[in-house]
Each structure stands twice: as C-alpha cells, then as structure tokens.
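Structural overview
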Amino acid sequence: MQRFVKIIILLFGISLIYTEAKAQEFVTDYKAITTNVDNGRFELMNSPTEFGQIYLLDKYSGRVWIKHNDEFEEISVEGIADVKADKINFQLYIYKHNYLFLLNIHTGETWKYVANLKQRKFHKLNSPMVTNKDIN
C-alpha cells in the first residue's frame, strides 16, 4: 500500500512540473522583442519562436540582414529614405514568426518584413508620419 501511495505522489508531482513547464513555454511564445535604442550602432536579434532566425540591424541607416547559413544576406527595404547616419534612427520589432517590423523612431515610418520564395523584403506600411513641424 505504501508503494502505491508513493507512486501516486510521484505521478502527481511530475504532472505539476509538466504543467508549469508548459505554461512557461506558452508565455514565452508570445513575448515581443525590440532592439535597444539607447546605444550602439549594430544589434543582433534572434526570433523568439524560430530557432536560428537571426537578424542584424544597422540602427543608424536602417539596413537589415538575415543570417543564411554562415553569411548575412541583406534584406531590401522598400522606399527607405537616406538618413543622416550619425545617431540611432531605426528599431526592429519581432513578434512571433513573420511579424518583423522596422521602425524609424523619429518619423514613425514603418515597414513589415515579407518573405516569399523569390525574395525577402520590407514593405512600407501606410503609417503616421511625423514631420519637423510636429517635433518643434
């Protein structure tokens, strides 16, 4: 009888651990990641849900690369204007797979990453624009 009680307690304990581990996995699955806009010109980001999906961002110019095998391949950005590359101007935001956005933190211009079989590209979204008049 004691052996039976010990087995029941052990199974109950294992089920609690498994439930807790599953709950933590669920929460981290939905955690968004953004690049740091405090300092540094370049930043590497790993997708929270896709193993090995690594991006490199030049936070000054807005250029973005994706790691492909052992190299970085540049992702084109549709309609990006040249900016004065002397300060941090851009941020990446990742939420799950294929929800990758590039944001000009000064103007509000936003691009969404779209990958298909032919190419990888950031498409410009119709987003609110901030002008110098709005800032002053």
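See the structure above.
Residues numbered from 1 in each chain as written. Predicted model: local features only at pLDDT ≥ 70, side-chain atom pairs only at ≥ 80, totals over all residues. Heavy atoms only, no water.

**Comments concerning the overall build of the protein**
Heads up, the condition is: Numbering of helices and strands starts at the N terminus; helices are DSSP runs of H or I of at least 4 residues and strands are runs of E of at least 2. What makes two residues a contact is simply this: any of their non-hydrogen atoms within 4.5 Å. Note on areas: Shrake-Rupley with a 1.4 Å probe; residue coverage comes only from the protein chains shown.
Helix and strand counts for the protein come out as two helices and nine strands. When the elements of the protein are put in sequence order from the N terminus, they spell out α-β-β-β-β-β-β-β-β-β-α. Long-range contacts, defined here as pairs at least 24 residues apart, represent 38% of the contacts in the protein between residues at least 6 apart. When the accessible surface of the protein is summed, it comes to about 9,900 Å², and 57% of that surface belongs to carbon and sulfur atoms.

**Considerations on the sheet that holds strand 6 (residues 90-94)**
Heads up, the condition is: The pairing criterion for strands is at least two bridges between them, as found by DSSP.
Within the open sheet, the nine strands sit side by side as 1-6-7-8-9-5-4-3-2. Their pairing is mixed. The outermost strands of the open sheet, each flanked by one partner alone, are strand 1 (33-34) and strand 2 (42-46). Sheet topology note: the strand 7 (residues 100-104)/strand 8 (residues 110-115) ladder contains three bridges and is antiparallel. Across the sheet, the residue bridging to leucine 102 is tryptophan 111, located in strand 8.

**Topic: the environment of phenylalanine 122**
Note the following rule: Burial status follows relative accessibility: with a 1.4 Å probe on protein chains alone, a residue under 20% of its type maximum counts as buried, one over 50% as exposed, and anything between as partly exposed.
On the secondary structure map, phenylalanine 122 appears in strand 9 (residues 120-124). Phenylalanine 122 sits in the buried class, given a relative accessible area of 0%. Residues contacting phenylalanine 122, with those up to four places away along its chain left out, are Val64, Ile75, Ser76, Val77, Glu78, Leu92, Leu100, Phe101, Leu102, Trp111, Lys112 and Tyr113.

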